[in-house]
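In case you want the letters, here they are:
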Amino acid sequence: MASPELTSTRSPRVAAARRLAKRAFRARERLFLAEGPQAVREAVALSGTLRELYITLEVAERYPDLVAGASAARVPVFTATDEVVAAISQTVTPQGVVALCRFVDVPLESAMAARPELVAVLANVRDPGNAGTVLRAADAAGAEAVVLTDASVDPYNPKAVRASVGSLFHLPVVTGARIEDTVAALRAAGLRILAADGAGDADLDGELDAGGLSGPTAWIFGNEAWGLPEETRALADAVVRVPIHGRAESLNLATAAAVCLYASARAQRGRGGCRSGARSER
């Protein structure tokens, strides 16, 4: 077996990659790290995203498609020791492969030009794990865009990237948009704006029964601790609560988002809904 190319955790290349754990460096370089075979595989599949690949010899042998895909895209592949990959990684238990990726976000205007029918908006969402999980749920439900407002967490935060499990690379993601501009753009694109809030006047079951979710819809999800401020609620066409049929006090953000997005997806794919069931490619 050949020897790893990178053996020192103090090498300039490793140091440069490690700096991307900080948001300021990510923003300056417009680069971020994706860890683990699944996330790296999705980065390889999205043309022009992957910039460098760091991988242990053991993982390279176990997942030859990762190396082959990067090499086919003419992306530098660096074999490294476990210690080097662990130094770059932001996880307690590194998976032996880390990709250096270019930012994948798109302008708000670009996302709306595709006339999306289901969009998730994260307003003042601060927890990176929640943000990544909502992005994953939106992807699974067939949403065509996710918007993170200017007061929300960076989707390239290592925890957010891990929580998205590759979904960050699947659908258009908008970052840094003002909530007012986002709502205006969504409405201009023909979407109904629904704010998810436990104290909402409308009920999700009632919206489903009345056919209120069958058309193009954007859901706004708020902060984990205090929900949506009144000024954001006022921008919506309706404020909708997820009914609690049992004795739970409430649902956490990611769970509530998944319920709302799947309710819209089901309604849109049902009789008279706006979706054909065909998913457009990014």
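One can find the structure itself at the top, above this paragraph.
These numbers come from a predicted model, not from an experiment. (Residues numbered from 1 in each chain as written. Predicted model: local features only at pLDDT ≥ 70, side-chain atom pairs only at ≥ 80, totals over all residues. Heavy atoms only, no water.)

### Overview of the packing of helix α3 (residues 37-45) against helix α5 (residues 64-72)
Where α3 meets α5, the axes come as close as 10 Å, and the angle between the chain directions of the two elements is 25°. Put simply, α3 runs roughly parallel to α5. Handedness of the crossing formed by α3 with α5: left-handed. Together, Pro 37, Val 40, Arg 41 and Val 44 of α3 and Asp 65, Leu 66, Gly 69 and Ala 70 of α5 make up the contact between the two elements. Residue composition of the contact of α3 with α5, by class: 5 nonpolar, 1 polar and 2 charged. (Axes fitted to C-alpha atoms, helices over the stretch in contact; angles between N-to-C directions. Helix = DSSP H or I, 4+ residues; strand = E, 2+ residues; numbered from the N terminus. Parallel < 35°, antiparallel > 145°, perpendicular 65-115°, else oblique. Left-handed = near helix turned anticlockwise from the far one by under 90°. Contact = heavy atoms within 4.5 Å. Nonpolar A, V, L, I, M, F, W, Y, C, P; charged D, E, K, R; others polar.)

### Brief notes about the environment of Ala 256
With respect to the helices, strands and loops of the structure, Ala 256 is situated in helix α13 (residues 253-269). Note on Ala 256: relative accessible area 16%, which makes it buried. Counting along the chain gives 122 residues from Ala 256 to Val 134, while the straight-line C-alpha distance between them is 9.3 Å. Among residues more than four places away in sequence, those in contact with Ala 256 are Val 242 and Leu 251. (Buried < 20%, exposed > 50% of the residue type's maximum accessible area, 1.4 Å probe, protein only.)

### Some thoughts on α3
Among all positions of α3, only Pro 37, Ala 39, Val 40, Glu 42 and Ala 43 are buried. Among the structural elements, β1 (31-35), β2 (50-55), α5 and β4 (97-102) are those in contact with the buried residues of α3.

### Examining the pairing of β4
With 5 of 6 residues buried, β4 lies mostly within the body of the structure. Here β2 runs beside β4; their pairing, made up of 5 bridges, is antiparallel. Each residue of the ladder has a partner; that of Ile 55, found in β4, is Val 97. (Pairing = 2+ DSSP bridges.)

### Quick notes on the sheet that holds β1
Spatially, β1-β4-β2-β3 is the arrangement adopted by the 4 strands of the open sheet, whose pairing is mixed. Each end of this open sheet is capped by a strand with a single partner; those strands are β1 and β3 (77-79). Along the sheet, successive strands turn relative to each other by an average axial angle of 20°, direction set aside. Contacts from α3 reach β1, β2 and β4 within the one sheet, and its direction differs from that of β4 by about 35°. In the packing of α5 onto the sheet, contacts are made with β2, β3 and β4, and the angle to β2 comes to roughly 145°.

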